[in-house]
Amino acid sequence: MTTVANSLRGLCGGAVHLPGDPGYDTARTPWNVTVDQRPAAVAFPADADEVASVVRASAAAGLRVAVQSTGHSAAALGPLDDVVLLRTSAMTGVTITGRTARAEAGALWIDVVEQAAPHGLAALHGSSPDVGVAGYTLGGGLGWYARALGLQANAVTAAELVTADGTLVRADATTEVDLFWALRGGGGNFGAVTAVEFDLFPVRTAYAGLLAWDWREAARVLPAWLDWAATAPDEATTALRLLRVPPMPQLPPALRGRQLIVIDGAVLGAAGPSTVAPLRALRPFLDTFDDAPAASLIRLHLDPEGPTPTVSRSALLGDLPPAAADALLAVAGPDSGTSLLVAAELRHLGGALGRPAPGAGALQSLDGSFALYTAGIAATPAIGAAAVRDAARVVSAMAPWSTGAQLLNFVEGPTSVASAYPPAAWDRLRSIRAAVDPSGLFVANHAI
């Protein structure tokens with residue numbers, strides 16, 4: 001494929017790397033450095049016109065195109081031998097107009113959060129500052145305000161993208177309405193998205209923080225949190241983690257190198273202290289919940305930043321009885337022997353996430369009460385193999401409570417993509433994909 005890909009040389013001001021070029025190995029490396037992706041070429045466009053040039057040249061050369069901002073979920077792409085990897089990391093522009101943000105395809109959430117905060121506004125961002133806005137948004141987007149305000153995908157007001165014929169189009173509620181519907185939750189199957197526009201929300205502060213206990217307290221804390229979550233108001237979005245904290249110097253000293261059970265999250269409105277009070281009564285050794293600037297929530301979860309070797313597994317779960325808590329502790333708790341270096345996590349769903357959003361796109365709601373996410377740091381191949389085994393073991397143990405659905409943002413490998421959507425939505429997504437990309441030019445993390 002290298003000979004074919006030679007036709008791309010000179011595009012993007014010369015920012016195209018082919019196998020054997022000095023910059024190829026650096027260019028092809030994603031955020032998740034466990035993924036050894038080897039595309040036919042890597043292109044770094046500076047703007048939408050250069051994206052269109054790469055798309056047209058790739059099609060003419062008989063190559064396909066995969067768009068990647070950061071590569072957090074690069075493992076889902078699969079082999080890239082005949083694929084041009086279009087890296088959008090040079091396209092980082094963010095503008096705020098009124099209560100709307102426009103983020104180019106390579107913008108990170110930290111870029112949006114820091115620009116929105118001086119306006120007293122917040123976005124429906126995720127838990128990591130260096131996750132790309134576009135990929136997170138196209139796949140759904142589950143953040144700290146989700147039970148109150150829903151998925152980020154359904155805050156989108158417009159998207160700009162290059163379609164398979166190399167045309168730059170704008171999709172919104174009145175133009176390219178099928179594309180607009182599909183892009184809000186349907187992933188990167190429909191073109192090379194060059195920018196997204198989305199609503200911001202008048203949130204200056206939230207009652208936010210974390211509570212931490214030694215993980216030997218898990219048998220007491222986990223069931224109590226599950227009971228609390230069953231009646232928690234929609235304004236509260238929290239997560240619980242069985243967490244083995246790496247001994248990294250940038251982490252708080254009270255957490256560094258410890259084995260913990262942690263509850264973190266945010267409550268909107270004035271009832272934050274009373275909402276958190278039942279959890280606070282469980283006597284954590286660390287309690288940071290307080291009124292906090294909205295911008296600070298981007299790092300609340302203490303997710304690793306920068307290129308990281310990770311492996312993970314996930315599932316959507318229904319209501320969790322005491323037997324489910326026992327099952328989770330048996331495979332991820334203090335006496336489980338788990339090798340997972342980071343976490344087994346439950347994110348509380350429901351609220352606005354469980355109701356079809358008015359005027360929503362392809363992902364109207366999430367089928368589940370909790371999202372299960374297990375992650376490990378694959379510092380070596382042997383450690384990574386053990387983490388894969390133990391992550392899968394956690395998901396298997398929780399299978400009796402699985403809804404069978406998935407949130408594709410959390411799926412970092414091949415999967416049955418249809419299970420993420422109701423049958424009618426899946427059929428419509430397939431029809432739209434066939435209409436806008438009949439030859440299958442675009443390669444998405446999760447193919448439709």
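Going by the structure above, here's the rest.
Rules behind the numbers
- Residues numbered from 1 in each chain as written.
- Predicted model: local features only at pLDDT ≥ 70, side-chain atom pairs only at ≥ 80, totals over all residues.
- Heavy atoms only, no water.
- Pairing = 2+ DSSP bridges.
- Helix = DSSP H or I, 4+ residues; strand = E, 2+ residues; numbered from the N terminus.
- Contact = heavy atoms within 4.5 Å.
- Axes fitted to C-alpha atoms, helices over the stretch in contact; angles between N-to-C directions.
- 1 Å grid on protein atoms, 1.4 Å probe; cavity = no way out; pocket = protein on both sides within 12 Å on 5 of 7 lines; lining within 4 Å.
- Points joined across faces, edges and corners; volume = space filled by probe spheres on them.
- Nonpolar A, V, L, I, M, F, W, Y, C, P; charged D, E, K, R; others polar.
- Buried < 20%, exposed > 50% of the residue type's maximum accessible area, 1.4 Å probe, protein only.
- Arc of directions from axis to C-beta.

Colleague: What exactly am I supposed to notice about the sheet that holds strand S1 (residues 16-17) here?
Modeller: Backbone hydrogen bonds are what pair the strands of a sheet, in a parallel or an antiparallel way. Ordered in space as S1-S2-S4-S3, the four strands form an open sheet in which the pairing is mixed. Edge positions in the sheet fall to S1 and strand S3 (64-68), since each has one partner strand and no second. Lying on the sheet, helix H3 (residues 48-60) is in contact with strand S2 (41-43), S3 and strand S4 (83-87); it crosses S4 at an angle near 175 degrees.

Colleague: Hey, could you run me through the sheet that holds strand S9 (residues 192-199) in this one?
Modeller: Reading across from one edge, S5-S6-S9-S7-S8 is the order of the five strands in this open sheet, with antiparallel pairing throughout. Of all strands in the sheet, those bounded by a partner on one side alone are strand S5 (94-97) and strand S8 (168-172). Taking the axes of each pair of neighbouring strands and ignoring which way they run, one obtains an average angle of 15 degrees across the sheet. Two elements, strand S7 (residues 156-162) and S9, share six bridges in a ladder whose sense is antiparallel. Bridge pairing in S9 places Ala159 opposite Val196.

Colleague: I keep staring at empty space enclosed by the protein and nothing clicks. Help me out?
Modeller: Where empty space is left becomes clear once a probe the size of a water molecule has been rolled over the atoms. With the rule as written, the count across this model stands at six cavities of 30 Å³ or more. Space inside the largest cavity adds up to approximately 70 Å³. Every residue lining the largest cavity is listed: Gly126, Ser127, Leu142, Gly143, Trp144, Thr237, Thr238, Arg347 and His348. Breaking the lining of the largest cavity down by element, the ones donating at least two residues are strand S11 (236-244) and strand S16 (343-348). The residue inventory of the lining of the largest cavity, partitioned by class, reads two nonpolar, six polar and one charged.

Colleague: For this particular structure, what's the right way to read the environment of Leu149?
Modeller: For Leu149, the position within the fold is in helix H6 (residues 146-149). Separated by 190 residues in sequence, Leu149 and Ser339 place their C-alpha atoms 35 Å apart. In this structure, Leu149 is in contact with Leu124, Phe201, Leu268 and Ala352, ignoring residues within four places of it in sequence.

Colleague: Any chance you could explain helix H9 (residues 272-280) here in plain terms?
Modeller: Given 3.6 residues per turn, any residue in an α-helix points the same way as the ones three and four places further on. Along H9, the positions that sit buried rather than exposed are Gly272, Thr275, Val276 and Leu279. Seen along its axis, H9 keeps its buried residues to an arc of 85 degrees; they face one direction.

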